[in-house]
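Below are the chains, spelled out letter by letter.
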Amino acid sequence: MQEKDLIKFIKGEVSFDEKKSIIDWIRKDPEHQKQFNTLKANHIASTLDSSQSVDVDVQYQRFLSTKSKKKRYYYTAIAASILIPFMMWYTYTSFPNSKLIVTTTDFFNFDTTVATTAHGDHKTIVLPDGSSVILNANSSLKYPIKFTDSIRKVTLIGEAFFDIKKNVNKPFIVNTEKLKIKVLGTSFNVKSYPKDDKIETTLVTGKVEVHQEKIKNPIILKPSQRAVFDKKKINIQVDHVDSKTIVAWQDGRLIFDRTPLKQVILDLNRKYNVEFIIESESLLQYKYTGEFDNLKLEEVLELLKISSPINYKYKNNKVMLNSE
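A brief report on the enclosed structure follows. Per-chain numbering applies: the sequence of each chain, read as written, is numbered from 1 onward. Local features in this predicted model are restricted to residues of pLDDT 70 or higher, and side-chain atom pairs are both shown and tallied only at a pLDDT of 80 or more, whereas totals for entire chains, interfaces and linings draw on every residue. Note: side-chain values were computed over all heavy atoms of the structure, leaving out hydrogens and water.

### Brief notes about the overall build of the protein chain
Okay, so step 1: Along the protein chain, the regular secondary structure elements total 8 helices and 18 strands.
Okay, so step 2: Relative accessibility decides the category of a residue: with a 1.4 Å probe and only protein chains considered, values under 20% of the type maximum give buried, values over 50% give exposed, and everything between is partly exposed. Within the protein chain, the proportion of its 324 residues that are buried is 40%.
Okay, so step 3: By sequence separation, contacts in the protein chain at least 24 residues apart represent 47% of the contacts at least 6 residues apart.
Okay, so step 4: Total accessible area on the protein chain is roughly 18800 Å²; 51% of this is exposed by carbon and sulfur atoms. Only DSSP runs of H or I reaching four residues or more are called helices, and only runs of E reaching two or more are called strands; each is numbered from the N terminus. Residue contacts are counted whenever heavy atoms from the two residues lie within 4.5 Å of one another. Each accessible area is a Shrake-Rupley result for a 1.4 Å probe, and residues are judged covered by the shown protein chains and nothing else.

### Side note on the layout of surface pockets
It is the rolling of a water-molecule-sized probe over the atoms that shows where space remains empty.
Okay, so step 1: Of the grid points, spaced at 1 Å and generated over the protein atoms alone, those admitting a 1.4 Å probe that cannot get out make up cavities, while open sets with protein on both sides within 12 Å along at least five of seven lines make up pockets; any residue with an atom within 4 Å of a point is treated as lining. Grid points are joined across faces, edges and corners, and a volume is the space filled by probe spheres set on the points. Here the largest pocket is characterised by a volume of approximately 1400 Å³.
Okay, so step 2: Contributing to the lining of the largest pocket are 46 residues, with Glu200, Arg226, Thr259, Pro260 and Gln263 lying nearest its centre.
Okay, so step 3: Of all elements in the fold, only strand S8 (187-192), strand S9 (198-205), strand S12 (225-230), strand S13 (235-240), helix H6 (243-246), strand S14 (253-260) and helix H7 (261-272) reach the threshold of two or more residues within the lining of the largest pocket.
Okay, so step 4: Considering each element in turn, the lining of the largest pocket owes the most residues, 8 residues, to S14.
Okay, so step 5: Here the residues of the lining of the largest pocket sort into 14 nonpolar, 12 polar and 20 charged. Amino acids outside the nonpolar list (Ala, Val, Leu, Ile, Met, Phe, Trp, Tyr, Cys, Pro) and the charged list (Asp, Glu, Lys, Arg) are all regarded as polar, and Gly is one of them.

### Some remarks on the sheet that holds strand S17 (residues 310-315)
Across a sheet, strands are paired by hydrogen bonds formed along the backbone, either parallel or antiparallel in direction.
Okay, so step 1: Between any two strands, at least two bridges found by DSSP are needed for them to pair. Taken together, the 3 strands give an open sheet; going across it, the order is S15-S18-S17, and neighbouring strands pair in mixed fashion. Looking at the sheet topology across the chains shown, the edges are occupied by strand S15 (275-278) and S17. When the angles between neighbouring strand axes are averaged without regard to direction, this sheet yields 25°.
Okay, so step 2: Across 6 bridges, the pairing between S17 and strand S18 (residues 318-323) is antiparallel. Directly across from tyrosine 312, in S18, lies its bridge partner leucine 321.
Okay, so step 3: Running over the sheet, H7 touches S15, S17 and S18 and is turned about 165° from S15.
Okay, so step 4: Here helix H8 (residues 297-307) sits on the sheet and contacts S15, S17 and S18; the angle it forms with S17, its principal contact strand, is near 155°. Each axis is a line fitted through C-alpha atoms, and for a helix only the stretch in contact is used; angles between axes span 0 to 180 degrees, taken between their N-to-C directions.

### Things to note about a positive patch on the surface
Okay, so step 1: Within the patch definition used here, like charges are joined within 9 Å and nonpolar side chains (Val, Leu, Ile, Met, Phe, Trp, Tyr) within 5 Å, considering only residues with over 30% relative accessible area and no salt bridge. We define a salt bridge as a side-chain nitrogen of Lys or Arg found within 4 Å of a carboxyl oxygen belonging to Asp or Glu. Lys and Arg are tallied as positive, Asp and Glu as negative. Neither His nor the chain termini are counted. Charge coordinates come from a single atom per side chain, which is NZ of Lys, CZ of Arg, CG of Asp or CD of Glu. A cluster of basic side chains, namely Lys198, Lys233, Arg258 and Lys287, defines a positive patch on the protein surface.
Okay, so step 2: Turning to its location among the elements, lysine 198 is positioned in strand S9.
Okay, so step 3: The class of lysine 198 is partly exposed, set by a relative accessible area of 40%.

### Concerning the environment of leucine 304
Okay, so step 1: One can find leucine 304 in helix H8.
Okay, so step 2: Classification of leucine 304 by relative accessible area gives buried; the value is 2%.
Okay, so step 3: On a C-alpha basis, the gap between leucine 304 and tyrosine 288 in space is 8.9 Å, while along the polypeptide they are 16 residues apart.
Okay, so step 4: Aside from chain neighbours lying at most four places away, what touches leucine 304 is Leu268, Tyr288, Phe292 and Ile310.

### Points about the pairing of S18
Okay, so step 1: In terms of strand pairing, S15 meets S18 through 4 bridges, oriented parallel. Paired with phenylalanine 276 across the bridge in S18 is valine 319.
Okay, so step 2: Taken together, S17 and the strand that follows it, S18, pair antiparallel across an intervening segment of 2 residues, in which asparagine 316 is found at a positive phi of about 55°.

What follows is the structure, given as structure tokens:
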């Protein structure tokens, strides 16, 4: 991969196809990741100098030219000497085997950090209080560098499993698109993707409160209970589930129990990064039950065909589904 193409990628000046190609190249080899991170660190450091404001008064610039240039390069050198080793250390020690590409957000927003995952990726995050979060594919978690307020607050887009350290003096709150989940210390799963019709909160251990601004009283869950918020109906239904099946995605398994096909293909898209198109209107009413245990996409499609009235065509990274 040419350096100029990587620079364009870092600047955000590439097309969707170019971006995908570069990301695939970076993930292909740990040496590619190191090369990319080094180039990115050098590029960021080089922009520190150019970010300095320029006085349009030419005479004033001439007067200060000698001192200001020396001082500017001095501070830039210091910043770069600190920044580059820190970025390299942080990346290699925090993500030695990760496929995740660390963004500049992680380094330059000193109050908060945003962790993200791509299609098919998982990532484990240790929060400032020692709590841990496993982030599912195509998700993001925003959290502070340090919990300094009277509450511990994070924001989730996507799906994550939380294992929260108990602190009665600092409740832990997960903000999602439509819900707020409040706990003291517990383990639970939250699924809140923008494209999904529902938001699910499943309790594994402890106790959680599910709050929704248009619903007067919070929903209090017990272990193996799930609160399902319907975005269109603005209501919450609570049911009993096997929590082990809900969090099975951590082990690469997808388990469906009379799940609408629309939701099934959304989950498959996040795992395999392939577009699904439902060609038969009758399939919109179909609910699928089955398990995909660390299968390849081709194996998933064949199992779908065998275990349901679904046929498929796979072409150009698109899967067309129709009824047999």
